[in-house]
Structure formats: C-alpha cells, structure tokens
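So the chains spell out like this:
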Amino acid sequence: MNNTLEGFACPDVFNVVDTCSWQFVILTGVLSLVEISILAGNVMVILAVATCRKLRRSVSNLFILSLAVTDLMLAVLILPLSLLNQVLGYWILGEVVCGLWLLMDITICTASILHLCAISVDRYIAICHPLRYHQLMTKTRSRFICLGLWLLAFLCSMPVIIWRNSSLLPKSFKITNSNTARTSTVPTCLISLYPASYIACTTIASFLIPAVITAGLHIRIYVTARKHIKQAQHGMFNRKLGDRQSCVMRIHQRNKIAEGSTTKHDKCNDSKLFSDITAKQDLSSTTNLRPSPVSNNRRQTKHDSHHKRDVKAMKTVSIIVSAFFLCWTPFFINYFLVGVVNIKENKVVSDVVFWVGYANSLLNPIIYAIMVPDFQKAFHKILKCSCQK
C-alpha cells in the first residue's frame, strides 16, 4: 500500500521527513483543527463579553475575558510555530526565533495558568465572603490583578533570555523514508535543554504553587457551598412550616369573625360593634406579631436564588479547574522528570502531553458554552448575527 501522496511536490529543507506521507498530512490536519478551534472559541468569548452588557458588568467575567485574550495570544503567536516544529520534527526558523518562541510560550502558558488561579480566588471570595466581595473585588482592582499576573508570568520566563544560547542545539534523528534508513543532524528548539535548576523553578512557580492554591480554595468553596445548600433547604422547610401556621391562624380568625356575626339580634348594637372591633383588633395584632408571609417568601426566594447562583458558579469553576489539572499535570510531570530527574525522554509521550496542555485553552470556551446561560445566549446572538450577514 502506498503511504505517500503521489503527484505533489513535498519539499523538506533537511530531507529527513516525508511530507507527502498520509501520517504527515493527518497529523498536520488534526493539529491545525485544534489551533483553529482554540482561536475561534476564544474569539467567541471575547466578543460575548464585549457585546453583552450583563457579562461586562460582572467582575468575574473580567478575569474570564483576560484569560480568553491570553489563550487567543497562544493560538496566534505560539501554536503556528509549535505546529511547524511538531510536524517537521526539527526547528527550521533559527536561534533568534527559537528564543522568542520559548519566551512567549512560557510567558503565555504561565499567564493562562495564573488566570485560572485568579478565577478560583475570585469565586472563593464571592462564595465564602459574599458581604465583602464588592468591596474587595472592584473592577479597577481586578484590572491591576490581571496586569500583575502577566508581570509574574514574564518574570518566570526571563531566564530564557539568559540561557538563550543553549536553546538551539543539534540533534541526531534516524528517519526511515521510502524504505531507506537515513540519519541527519538537524537543529531543535526544546525547553528541556535548559538547566535543571530553571526547570525545577518554573515547575514550582508556574504550576505547583497555583495548583496547590487552587485546590485548597476549591476545598473551602465546596465546604461553604454545601453549608449554603443545607441552609437553603432548612429555610425552605421553615418557610413551608410558617405558611401552614399562618394558614391555621387565618382560619381561626375567620371563625371568630363568623361567630361574632351570628350573635342574637336582641343584643344591643353597642355590644355588637364592640365585638366586631375587638375581633378586628385581635386579627390586626395577630397579623402584626408575624411578618407578612408574602414578604418572607420573597426574601427567602431571593436568598435561595443567590445560593443557587453561587452553587452554579462553583460547579462551572470546578469543571474549569478540573480541566486545568487534567491537561497540565501530565505535561509538568513529564517536564520535571526529563529535565530534572534526567529520565530518558519518550518523544511520543512528550509530544502528546505537550499538545494536551495546549488543549486546555480549547476546553474553557466549551465549558462556558455548556455551563453558563449568559454565555450561551451571547454565543447564540453572535452566531445569529453572523449568519444574517
């Protein structure tokens, strides 16, 4: 069976990769689809926040907007070069571009992870300290927080500039092409070639610390949300019990008034008037002793809706953070084992966990579209407008 595309010119600078093979075409197509999906999904999130006033009013959505901008930068600046490096198997763009690519890659990926941590902190304050939330998380303060996240991410990537001369090293590949074994020395651009001390520091600063903070906050959020649910259920029970008691008292008062109206006609009018007034006063005093059931219901319904909204937000953020752990944990474990422990690298495993980490930027918009009704409506409106045009 022929595994190449006949009739096509398939150039390769170092003549080590069969760019006409079906494997090359399929790999290029799949990774291109991932990149386009990340680009389109995060553009949708940015447009949704920009065009929907309700989404813009929320401080939490400022962090989501900043995260979407970060992931969009990943799709535009990093993924095209990553795709080219992946499908060719070597670096073709020279040492300077290699250093810039690694600098942007570490900065943007670290910023994305730190934004997920900031979203968790925001939800923690909103759910665990709701009375202080609007005082602590203002729009101005959230903008400064996002700026600080970018600054911290840039500091984590600064050593790339210091050690940039060691980033581009020759590497020997043995490629089988058209049943002929060929060994060629080609350049490569890998972060794992950096010193072990730097790899250990970036693993701790870019992943381990944000992961521990995020996990700890979500444990607190879960405990608090469970407490809110129990309080809401208890409040619903008390409201039903209060409605029953109020209903019984109203029936009792109606019976008293009915008994007063059926007294004998030979009683004097003053006595009847006095009885009616007394019944009305008793009813009024009884009503004043208890707040209005309608008022209680409205207050309790509003209270329950706040709890439901918080629990919904907690579930959404929990899914986002779970996706973060599932996508980035394998990459950083492999990154640490290869760069620090000096375990022999398995190229297939490294490539898979590398792109699974990138896929985290694709999952966030999908989670918003599924879990957040306001984003669903905004996405539908954007798609509807684009279709009408």
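For the structure itself, look to the data block above.
Residues numbered from 1 in each chain as written. Predicted model: local features only at pLDDT ≥ 70, side-chain atom pairs only at ≥ 80, totals over all residues. Heavy atoms only, no water.

Give a description of the pattern of salt bridges that names residues and reports values.
In the structure shown here, the tally under the stated rule is 3 salt bridges. The salt bridge partner of Asp-351 is Lys-347, with a shortest N-O separation of 3.0 Å. Placement of both Asp-351 and Lys-347 in helix α11 (residues 347-371) is noted, with a separation of 4 residues, approximately one turn of the helix. We classify Asp-351 as partly exposed; its relative accessible area is 21%. (Salt bridge = Lys/Arg side-chain N within 4 Å of Asp/Glu carboxyl O. Helix = DSSP H or I, 4+ residues; strand = E, 2+ residues; numbered from the N terminus. Buried < 20%, exposed > 50% of the residue type's maximum accessible area, 1.4 Å probe, protein only.)

Any details on the state of the cysteines? Residues and values, ideally.
Counting across every chain of the model gives 0 disulfides. Free of any disulfide, Cys-156 has its nearest neighbouring cysteine sulfur in Cys-201, separated by 9.3 Å. Given the relative accessible area of 12%, Cys-156 is considered buried. (Disulfide = S-S within 2.5 Å.)

Break down the packing of helix α3 (residues 60-88) against α11 for me, with residues and values.
Two elements in contact, α3 and α11, have axes whose closest approach is 11 Å; the angle formed by their N-to-C orientations is 150 degrees. Judged by the inter-axis angle, α3 sits roughly antiparallel to α11. For the element pair α3 and α11, the recorded crossing hand is left-handed. Judged by residue contacts, Ile-64, Leu-67, Asp-71, Leu-74, Ile-78, Leu-79, Ser-82, Leu-83 and Gln-86 of α3 engage Lys-347, Asp-351, Phe-354, Trp-355, Tyr-358, Ser-361, Asn-364 and Tyr-368 from α11. Among the residues making up the contact of α3 with α11, the classes are represented as 10 nonpolar, 4 polar and 3 charged. (Axes fitted to C-alpha atoms, helices over the stretch in contact; angles between N-to-C directions. Parallel < 35°, antiparallel > 145°, perpendicular 65-115°, else oblique. Left-handed = near helix turned anticlockwise from the far one by under 90°. Contact = heavy atoms within 4.5 Å. Nonpolar A, V, L, I, M, F, W, Y, C, P; charged D, E, K, R; others polar.)

Now, about helix α6 (residues 139-157): what can you tell me, with residues and values included?
Helix length check: α6, at 19 residues, gives a terminal C-alpha distance of 28 Å against a target of 27 Å (1.5 Å per residue), a fit within 8%. Turning to α6, its buried residues number three or more, namely Ser-142, Cys-146, Leu-149, Ala-153, Cys-156 and Ser-157. Along the axis of α6, the buried residues cluster in a sector spanning 100 degrees; they form a single face. In α6, the exposed positions angled more than 90 degrees off the buried face are occupied by Arg-143, Phe-144, Leu-147, Leu-151 and Leu-155. (Expected span 1.5 Å × (residues − 1). Arc of directions from axis to C-beta.)

Which residues make up the packing of α3 against helix α4 (residues 94-128), and what values go with them?
For the pair α3 and α4, the least separation of the axes is 9 Å and the interaxial angle reads 155 degrees. It follows that α3 is roughly antiparallel to α4 by the angle criterion. As for the relative orientation of α3 and α4, their crossing is left-handed in sense. Partitioned by chemical class, the residues of the contact of α3 with α4 number 17 nonpolar, 7 polar and 4 charged.

So what's going on with the packing of aromatic side chains? Residues and values would help.
In total, this model carries 15 aromatic pairs according to the counting rule given. Geometrically, the ring pair formed by Phe-207 and Phe-332 is stacked, given 4.8 Å between the ring centres and 15 degrees between the ring planes. Note that Phe-207 is positioned in helix α8 (residues 196-261) and Phe-332 in helix α10 (residues 293-339), a separation of 125 residues in sequence. Looking at Phe-332, the relative accessible area reads 8%, which means it is buried. Look at Phe-331 and Tyr-335: their rings are 5.6 Å apart centre to centre, the planes differ by 10 degrees, and that puts the pair in the stacked class. Linking Phe-331 with Tyr-335, this pair stays in helix α10, spanning 4 residues, or about one helical turn. The exposure classification of Phe-331 matches that of Tyr-335, with both residues buried. Put simply, the rings of Phe-207, Phe-324, Phe-325, Trp-328, Phe-331, Phe-332, Tyr-335, Phe-354, Trp-355 and Tyr-358 pair up and form one aromatic cluster. (Phe/Tyr/Trp six-rings, centres within 6.5 Å; stacked < 30°, edge-to-face > 60°.)

Hey, could you go over the nonpolar core for me, with residue numbers and the actual values?
Across soluble globular proteins, nonpolar side chains have a tendency to be buried as a group. The biggest cluster of nonpolar side chains holds 78 residues, and the ones touching the most others in it are Trp-101, Phe-324, Trp-328, Tyr-358 and Phe-375. A total of 18 residues in this core trace back to one element, the largest contributor, which is α4. Residues contacting Phe-375, with those up to four places away along its chain left out, are Val-45, Ala-48, Val-49, Leu-55, Asn-61, Ile-64 and Tyr-368. (Core = buried A, V, L, I, M, F, W, Y, C linked by side-chain atoms within 4.5 Å.)

I'd like a description of a positive patch on the surface, backed by residues and values.
Residues Arg-53, Arg-56, Arg-57, Lys-139 and Arg-143 make up a contiguous surface patch of positive charge. Counting residues per element, the ones that place at least two in the positive patch are α2 (53-57) and α6. Of all the elements, α2 adds the most residues to the positive patch, at 3 residues. Tracing the sequence through the fold places Arg-53 in helix α2. The exposed category is assigned to Arg-53, whose relative accessible area is 60%. (Patch = residues over 30% accessible without salt bridge, like charges linked within 9 Å, V, L, I, M, F, W, Y side chains within 5 Å. Areas by Shrake-Rupley, 256 points an atom, 1.4 Å probe, with all protein chains shown as cover. Lys, Arg positive; Asp, Glu negative; His and termini not counted. Charge placed at Lys NZ, Arg CZ, Asp CG, Glu CD.)

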